[in-house]
Amino acid sequence: MTGSARPSGRRDIDAALDKAFAGERVTFEEGLLLLEDAPFLELGQAADAVRARKHPGGEASYIVDRNINYTNICVANCSFCAFYRKPGSPEGYVLSREELHDKIRETVELGGTGILLQGGHNPALPFGFYEDMLRGFKESFPQVHIHAFSPPEITFFSKLYKMPLREVLVRLKTAGLDSIPGGGAEILSEGVRSDMARGKATVQEWLAVMRAAHGLGLRTTATMMFGSIESLKDILIHLDHLRTLQDETGGFTAFIPWTFQPGQSTPLQAATATGVDYLRVLAVSRMYLDNFENVQASWVTQGLKMGQVALHFGANDMGSIMIEENVVASAGCRNRTNEEELRRLITDAGFIPRKRRTLYEDASQG
Ligand code: SF4
């Protein structure tokens, strides 16, 4: 965009869409304009063109893995979370080694290639608990990819055990950590974050974990939970943080936007995003994050049919069949599928299903 005036009209929308079509970088102001005012179907078309340029083979990938929450005890008190229990709660738990290994064994038997392991901020566990857990996984299941500990958990470890961030990451990696999920980002805009997630990592702390992880060769994903109390500008601020860090490190494998799920047991009672809101944000994300290869559809929060539509609004990946998903299920969201159905849904949407591993390597076996 040349000139200093804020883009605003139909001509500016067309110019921004043309840039995305041509593979040029969209500015912050243009991204905001697209999010606010671009016609819905034109947004989808442009995002689909960007997706097709990055993934010309017409494939849509997915993974078979399991989401394991090793503890629900947490002191962060996020207002949107229905999953956690405070220390001392009779409903609090920490999974035993046997329970964890049973879950991984079952995952492997179901064709799973990895686990996504996250937990609450549990102040009672020593750091050795995490190192032993990872070593145990690698001894018993060396072929299983361990995608674990979101940035807020790692920030929490660093503070609780009074260890520099880098040392926490080096020790976890040495014990068996393969990559890091981008959870706990919610909205990377400080005002929103201090309202809904005051007790956990700040924007700068979240980014610092990712920067340090990428520097150690640990790949990560990035997420965004939107549709609650943030503005469209907050969404753009979030995307801009991610794009800037990706320019610096290249360490993100994928972007995964999903919507806040209000439930009877979530303290935060905001209206959530509509399906149209979801698709608009997805499409703009695909265009704005020009340095991200993969954008994931969130059928778990949007439903399976919306997952199919998402493949035409910029997503190239259907995520996981989610053998287990406790956090979103706690808020009342219970979409379910299996591998056969997910492959059929991808095919019916006009794409070729491709089974992948956590870092998007091929894992196809039919
Ligand atoms: S979202 Fe995570 S950090 Fe926040 S309260 Fe729930 S378990 Fe704790």
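Predicted model only: the values in this text are computed from it and were never measured.

K.L.:
Which residues make up the sheet that holds strand β9 (residues 317–320), and what values go with them?
P.N.:
Spatially, three strands are ordered β9-β1-β10 in an open sheet, and the strand pairing comes out parallel. Every other strand in the sheet has two partners, leaving β9 and β10 (352–356) as the edge strands with one partner each. Averaged over all pairs of adjacent strands, the angle between their axes in this sheet comes to 20°, without regard to strand direction. Note: strand β1 (residues 59–63) against β10, five bridges, orientation parallel. Counted as the bridge partner of E59 is I352 from β10.

K.L.:
Kindly report on the packing of aromatic side chains, identifying the contributing residues and their values.
P.N.:
On inspection of all chains with the given rule, the structure shows 16 aromatic pairs. A ring pair is formed by Y70 and F149, whose centres lie 6.0 Å apart and whose planes are at 75°; its orientation type is edge-to-face. Here Y70 is found in the loop between β2 (65–69) and α4 (97–109), whereas its partner F149 is found in the loop between β4 (145–148) and α6 (151–160), with 79 residues between them in sequence. You'll find Y70 and F149 in the same group, each marked buried. With a centroid separation of 6.2 Å and 70° between ring planes, the pair formed by F127 and F157 is classed as edge-to-face. Remark: F157 occurs in helix α6 and F127 occurs in helix α5 (residues 127–140); sequence separation between them is 30 residues. The same class applies to F127 and to F157, which are both buried. Taken together, the aromatic side chains of Y70, F127, F129, Y130, F149, F157 and Y161 make up a single cluster linked through ring pairs. Directly above the aromatic system of Y288 lies the positively charged group of R243, at a separation of 3.7 Å from the ring centroid. Of note, R356 hangs over the ring of Y360, and the distance from its end group to the ring centre comes to 3.8 Å.

K.L.:
Explain the pairing of strand β7 (residues 252–259) residue by residue, including any values.
P.N.:
Counting buried residues in β7 gives seven out of eight residues, a clear majority hidden from the surface. Bridging between strand β6 (residues 219–226) and β7 involves seven bridges; their strand directions are parallel. Residue pairing in the sheet places T223 in a bridge with I256 of β7. Handedness of the crossover joining β6 and β7 through helix α10 (residues 232–249): right-handed. In this structure, β7 lies alongside strand β8 (residues 294–295), joined through two bridges in parallel fashion. Residue pairing across strands places A254 opposite N294, the latter belonging to β8.

About the cut-offs
Residues numbered from 1 in each chain as written. Predicted model: local features only at pLDDT ≥ 70, side-chain atom pairs only at ≥ 80, totals over all residues. Heavy atoms only, no water. Pairing = 2+ DSSP bridges. Helix = DSSP H or I, 4+ residues; strand = E, 2+ residues; numbered from the N terminus. Axes fitted to C-alpha atoms, helices over the stretch in contact; angles between N-to-C directions. Phe/Tyr/Trp six-rings, centres within 6.5 Å; stacked < 30°, edge-to-face > 60°. Buried < 20%, exposed > 50% of the residue type's maximum accessible area, 1.4 Å probe, protein only. Lys NZ or Arg CZ within 6 Å of the ring centre and 35° of its normal. Right-handed = clockwise from strand over helix to strand, strands pointing away.

Bear in mind that shape data such as this cannot, by itself, settle questions of function.
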